[in-house]
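# Report on the structure
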2 protein chains.
Amino acid sequence: MAKDKKQPRPKPVTPKGFRDYFGAEVTARTEMLTKIAGVYHRYGFDALETSAVETVEALGKFLPDVDRPNEGVFAWEEDKDWLALRYDMTAPLARVAAQYRNDLPSPYRRYTMGPVWRNEKPGPGRFRQFYQCDADTVGAASVAADAEICAMLADTLEAVGIDKDDYVIRVNNRKVLNGVMEVAGLSGDDKEAERGIVLRAIDKLDRLGLEGVRALLGEGRKDESGDFTKGAGLGGEQADIIMGFMDAKRDEGAATVSRLRQLVQGSNIGGDGVAELEDIAGLLDAQSYGSNRIVIDPSVVRGLGYYTGPVYEAELTFEIEDEKGRPRNFGSVAGGGRYDDLVKRFTGQAVPATGVSIGVDRLLAALHAKGRTDTTAQGPVIITVMDRDRMADYQSMVAELRNAGIRSEVYLGNPKNFGNQLKYADKRHSPIAIIAGGDEFDQGVVQIKDLILGAEIAKNATLEEWKDRPSQYEVPRDEMLAKVREILDKS
Amino acid sequence: MAKDKKQPRPKPVTPKGFRDYFGAEVTARTEMLTKIAGVYHRYGFDALETSAVETVEALGKFLPDVDRPNEGVFAWEEDKDWLALRYDMTAPLARVAAQYRNDLPSPYRRYTMGPVWRNEKPGPGRFRQFYQCDADTVGAASVAADAEICAMLADTLEAVGIDKDDYVIRVNNRKVLNGVMEVAGLSGDDKEAERGIVLRAIDKLDRLGLEGVRALLGEGRKDESGDFTKGAGLGGEQADIIMGFMDAKRDEGAATVSRLRQLVQGSNIGGDGVAELEDIAGLLDAQSYGSNRIVIDPSVVRGLGYYTGPVYEAELTFEIEDEKGRPRNFGSVAGGGRYDDLVKRFTGQAVPATGVSIGVDRLLAALHAKGRTDTTAQGPVIITVMDRDRMADYQSMVAELRNAGIRSEVYLGNPKNFGNQLKYADKRHSPIAIIAGGDEFDQGVVQIKDLILGAEIAKNATLEEWKDRPSQYEVPRDEMLAKVREILDKS
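From a predicted model like this one, the values you see are computed outputs, not experimental measurements. Going along each chain's sequence as written, the residues are numbered from 1 onward. The order in which chains are written sets their letters, starting at A; the order in which ligands are written sets their numbers, starting at 1. With pLDDT at 70 or above as the cut-off, local features in this predicted model cover only qualifying residues; side-chain atom pairs require 80 or more to be listed or tallied, and sums for whole chains, interfaces and linings still use all residues. Heavy atoms from the whole structure form the basis of all side-chain values; hydrogens and water molecules are not counted.

## Focus on the interface of chain A and chain B
- Residues count as neighbours in contact if any of their non-hydrogen atoms are within 4.5 Å of one another. With 93 residues of chain A at the contact, the number on the chain B side is 93 residues.
- With both chains or domains summed, chain A and chain B bury close to 7,700 Å², and 56% of this area falls on carbon and sulfur atoms.
- Summed over the three residues of chain A that lose the most area to chain B, namely Glu49(A), Arg402(A) and Leu412(A), the buried surface amounts to 10% of that side.
- What makes a salt bridge here is a side-chain nitrogen of Lys or Arg within 4 Å of a carboxyl oxygen of Asp or Glu, nothing more. Summed over the shared surface of chain A and chain B, the result is 14 salt bridges.
- Between Arg407(B) and Asp46(A) there is a salt bridge, with its nearest N and O atoms 2.8 Å apart.
- Pairs of N or O atoms are called polar contacts if they sit within 3.5 Å, as long as, within protein, a hydrogen donor faces a hydrogen acceptor (for residues adjacent in sequence, only side-chain-to-side-chain pairs). Put simply, chain A and chain B have 42 residue pairs in polar contact (both at pLDDT 80 or more) between them. For any pair of parts, buried area is found by adding up, for both, the accessible area (1.4 Å probe) each one loses once the two are put together.

The following block contains the structure:
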């Protein structure tokens, strides 16, 4: 190969499916995560941070809708091992619970937050790196642990700024569903594939409606683009039983429970599941989580194959407009459930566990939609540079402001064009610009420009009342700090 | 291949060179990063979070001491592109500055914090994922930007809990070093390899001492294990000039500057570098950063090849014991400098930039050494379970405590063995256990056990004064919260 002396320039682009987060996008998320961590901590959960990289062996193959090995993860070979980026927070937790089983308290209650990676086809609004924020209790068989997670989820949503009326947490139990499957003749190892299809079909109820789910229970379904998804191939009676289960929700929790009890008649596991749901509802009532906030809803199944008991999902019920301007519910922002077999993969011993995962970006989008986040952070006070040789003076001004806790900076670009300095202040959303040249230094004063007021005056220039309001003040140098404070306090 | 029905269990292990962080290890770091972000924000820097994954092309080959392509990074092929985990925060910033150059304010001041990954041989205390916390100003040619970063670094160290007397920030200028190289006859494209070896040798002064550096300037150096590192092959006179430079530091900044001016006589770039150092010192003086905190020190070069102007390094000067029990300075926790060519890689246009990177784990270790972090987080109040059927009552107790902001939980393991419940409380460092069984419920009371006082009493059981102090209190149920508060306020 000939050596190419003049290499082409690299392209400055984020890889497909990845993105950058700027300013308030970062700080709003950090603030939200801090509030969530506060609730988790108050509930007695301890922080855990595992590394982004795991062995493929430890991660296992628990990604939804993925069949080929290593599909869905970013993986690479190292010596003879394969390493990969974690695709969720549950697989690393199972590994930790097994690895440190002799040292960790039991039950082990941990929360964690951070990015996860999925090697999927990127699409609009679908990214291959996104945040999750999880809390799990490992080693607690009691459904009190599940009830607690549901209560904590409700507290968390309210702590970040979702109103009581704007969310509902739906609770179901896989054992009830398994009971229904048993009644429908879908138990047994040879029916695993069908059960998987049924699960995924129910999970898509929101998107496909009852008719779409029914089609997937039978022969299959052709979507709008013409793509065909093979169904579970159930007979009409079998499908009726499943559909009856999805339709079992009643206005009152007690009525839903008794309808479910009918549906699983003859199935032990189904009966256990219904009893657990009753327990959960009772515990939550004792803590005053009314059934308007946490409800039993048989249509919630959560797609993941590994759930073994209670499953839960937080849905935001306020309306937003979809891409075509039609109103629709905001939808799910968090979900989880009980998975008693994940640690067993490593140790051979069953370890009961339950936990929730919050879709951080979804929840943040919801807070944006409700106007609960600062979308533009307040910019710094800008000390403009009129005279390059006075840089030390400008620096001592900024030091004074910063020592008083005021966000501020000296303009550090090329100071020649003063207009550029004010444009910069504008781009930074600066509330104030400070101006001092030779004359000001001679007289021991500074000019302080109220940029927010100035912008309003410019906008309303024709109004009489604005004309008399000055937006620039000349003050003695030693009153600079006080005047800046006064303007900031007003705005 | 025969299908192996019984797959071996996966091993629950972190990949080599990676580790998990538990509880206070996570929260102490988060607290420290929050304080650092506060200072950066006050200085007018905006947050940026890029994704962990970049194209290998965009990352470039700027890892220290790495020659082979893709060496040092975790990389994988996707279609025809190579993707990799970022190895620092500077390469992604250069990519962002180029990608969004028409939208970002200029200068662009950003801070960022997060993990970076290095595919290096792991060793004791050397991990392949670690945190960095950077602040950079892109688009400011003035050394006022470098001075500002040094001032901010000083403020940051003090904000996280390092005393004024316990650190020093050393400043140097690559242009001075380049001037010295010129004087020593090491300028010119054909001497690039030699210059690289010289840079890396000076950078190792701390570890190798003057003699070791001298050896690397000449033929090379054999280390204790017998490994030979090839040197720059300089003649005696050339090496003398370099060593004179390293020895140029005087007690007074002004004396150091005039010694440097002598050494670079006849080199234009060297003269420029000395003038810049004078400017920086002047600006910092104007902000009252005395020369005890920020000093000019020619021995600081920072190994990375991409620096083009001022370089700086924060060293903690208090002593710790090394692995053999000998006292030594804690050493470097942060460093950076000016790199005017990184954005140019993408755009062809030079963009001046300067910035600092804090080694988060090193700084955190320093805070631990100084006792400035909570190493054990306070555990939750534990409500023990004496009677399984009273779970709803226990849950309403815990809800009361949590609503009052008190970290607390109901024991959710198997309640059969009460001793296990108290052992659990001990393992969680719980301050209080609450006990209520049938008798207590009948009488409308609870038992509150002060576990911290109890542990002290147990330790000092023979002392007369402890005997009379009760560590368990029976209080009416409706006074539970008040009593818990009282005990927590004491401890």
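So that's the structure; there's more coming.
## Notes on the packing of helix H6 (residues 192-203) of chain B against helix H7 (residues 205-217) of chain B
Residues and elements named next belong to chain B.
- Interaxial angles span 0 to 180 degrees and are taken between N-to-C directions of axes, which are lines fitted to C-alpha atoms, for helices over the stretch in contact. The helix count covers DSSP runs of H or I at least four residues long, the strand count covers runs of E at least two residues long, and both are numbered beginning at the N terminus. Two elements in contact, H6 and H7, have axes separated by 7 Å at closest approach and are oriented at 150 degrees. Between H6 and H7, the contacting residues are Ile197, Val198, Ala201, Ile202 and Asp203 on the first element and Leu205, Val213, Leu216 and Leu217 on the second.
- Amino acids are sorted into nonpolar (Ala, Val, Leu, Ile, Met, Phe, Trp, Tyr, Cys and Pro), charged (Asp, Glu, Lys and Arg) and polar (every other residue, Gly among them). When the residues that make up the contact of H6 with H7 are grouped by side-chain class, the tally is 8 nonpolar, no polar and 1 charged.

## Some words on the UniProt feature "binding site: L-histidine" (unreviewed entry) in chain A
All names here are of chain A.
- UniProt positions are given in the numbering used here, feature names are shortened, and annotations may be inferred rather than shown by experiment. As recorded in UniProt, the sites labelled "binding site: L-histidine" (unreviewed entry) are Asp88, Met89, Thr90, Arg118, Gln132, Asp136, Arg302, Tyr306 and Tyr307.
- Among the secondary structure elements, Arg302 is positioned in the loop between strand S11 (294-296) and strand S12 (310-321).
- Residue position: Tyr307 is located in the loop between S11 and S12.

## What to know about the confidence of the model for chain A
- pLDDT runs from 0 to 100 and stands for how confident the predictor is about each residue. Here chain A shows a mean pLDDT of 89. Residues at 70 or above account for 94%.
- Per-element averaging of pLDDT across chain A places helix H17 (residues 464-467) of chain A at the bottom with 59 and strand S2 (residues 46-49) of chain A at the top with 98.

## What to know about the packing of aromatic side chains
- Two aromatic rings, drawn from Phe, Tyr or Trp (for Trp, its six-membered ring), form a pair once their centres lie within 6.5 Å of each other, and the interplanar angle then sorts them: stacked below 30 degrees, edge-to-face above 60, tilted otherwise. Inspection of every chain in the model, using the stated rule, returns 19 aromatic pairs over all chains.
- Across the ring face of Phe346(B), the terminal group of Arg345(B) is positioned such that the distance to the ring centre comes to 5.0 Å. Here, a charge over a ring is recorded when the distance from Lys NZ or Arg CZ to the ring centre is within 6 Å and its angle to the ring normal is within 35 degrees.

## Details of the relation of the copies chain A and chain B
- Here the copies were fitted onto each other by least squares, based on C-alpha atoms from residues at pLDDT of at least 70 in both. The transformation that overlays chain A on chain B combines an axial shift of 0.0 Å with a rotation of 180 degrees, and the residual RMSD is 0.1 Å. Such values leave the two copies arranged in the relation of a two-fold axis. Closest to the rotation axis within chain A is the C-alpha of Trp76(A), separated from it by 2.9 Å.
- A symmetric contact is evident, with 100% of the interface residues of chain A recurring at the interface of chain B.

## Topic: the pairing of strand S13 (residues 327-338) of chain A
Residues and elements named next belong to chain A.
- In terms of strand pairing, S12 meets S13 through 9 bridges, oriented antiparallel. Its bridge partner lying in S13, Leu316 is registered against Gly331.
- Connecting S12 to the antiparallel partner S13 that follows it, the hairpin turn spans 5 residues, and Gly325 within it adopts a positive phi of roughly 85 degrees.
- For two strands to pair, DSSP has to find at least two bridges joining them. In terms of strand pairing, S13 meets strand S14 (residues 353-359) through 5 bridges, oriented antiparallel. Across the sheet, Gly335 pairs through a bridge with Ser357, a residue of S14.

## Focus: the nonpolar core
- Residues Tyr40(A), Ile169(A), Leu363(A), Ile434(B) and Val484(B) are the most contacted members of the largest nonpolar core, which totals 115 residues.
- The element that contributes the greatest number of residues to this core is helix H4 (residues 143-160) of chain A, accounting for 12 residues.
- If we skip the residues at most four places from it in the chain, Ile169(A) touches Cys150(A), Leu153(A), Ala154(A), Arg293(A), Ile294(A), Val295(A), Tyr312(A), Glu313(A) and Ala314(A).
- If you look at the next biggest cluster of nonpolar residues, it comprises 113 residues, including Tyr40(B), Phe45(B), Val160(B) and Leu316(B). We call a set of buried Ala, Val, Leu, Ile, Met, Phe, Trp, Tyr and Cys residues a nonpolar core when their side-chain atoms join them within 4.5 Å. For the exposure calls, accessible area comes from a 1.4 Å probe over protein chains only, and a residue counts as buried if that area is under 20% of its type's maximum, exposed if over 50%, partly exposed in between.

## Describing a negative patch on the surface
Residue and element names in this part refer to chain A.
- In this analysis, a patch consists of residues with relative accessible area above 30% that form no salt bridge, clustered at 9 Å for like charges and at 5 Å for the nonpolar side chains Val, Leu, Ile, Met, Phe, Trp and Tyr. The protein chains shown are the only cover counted for residues, whose accessible areas, like all others here, come from Shrake-Rupley with a 1.4 Å probe. Charge assignment in this entry is limited to Lys and Arg as positive and Asp and Glu as negative, and neither His nor the chain termini are counted. The atom standing in for a charge is NZ when the residue is Lys, CZ when it is Arg, CG when it is Asp and CD when it is Glu. A cluster of acidic residues, Glu57, Glu77, Asp79 and Asp81, forms a negative patch on the protein surface.
- For Asp79, the position within the fold is in the loop between strand S4 (75-78) and strand S5 (81-85).
- Given the relative accessible area of 72%, Asp79 is considered exposed.

## Notes on the side chain of Glu409(B)
- Here Glu409(B) is to be found in strand S16 (residues 408-410).
- When its relative accessible area of 1% is taken as the criterion, Glu409(B) is described as buried.
- If near-sequence neighbours (up to four positions away) are discounted, Glu409(B) is found in contact with Tyr43(A), Gly44(A), Arg109(A), Pro380(B), Val381(B), Ile382(B), Ile383(B), Val398(B), Arg402(B), Tyr424(B) and Arg428(B).

## Digging into unusual backbone geometry
- Note the cis peptide between Ser106(A) and Pro107(A), where omega equals 0 degrees.
- Within the fold, Pro107(A) resides in the loop between helix H3 (90-99) and strand S6 (108-117).
- For Ser288(B), which is not glycine, the phi torsion reads 65 degrees and is therefore positive.
- Structurally, Ser288(B) can be placed in the loop between helix H10 (268-286) and strand S11 (294-296).
- On the basis of relative accessible area, Ser288(B) is assigned to the exposed category, the value being 54%.
- With a phi angle near 55 degrees, His429(B) is a residue other than glycine that sits in the positive phi range.
- With respect to the helices and strands, His429(B) occurs in the loop between helix H14 (418-427) and strand S17 (432-435).

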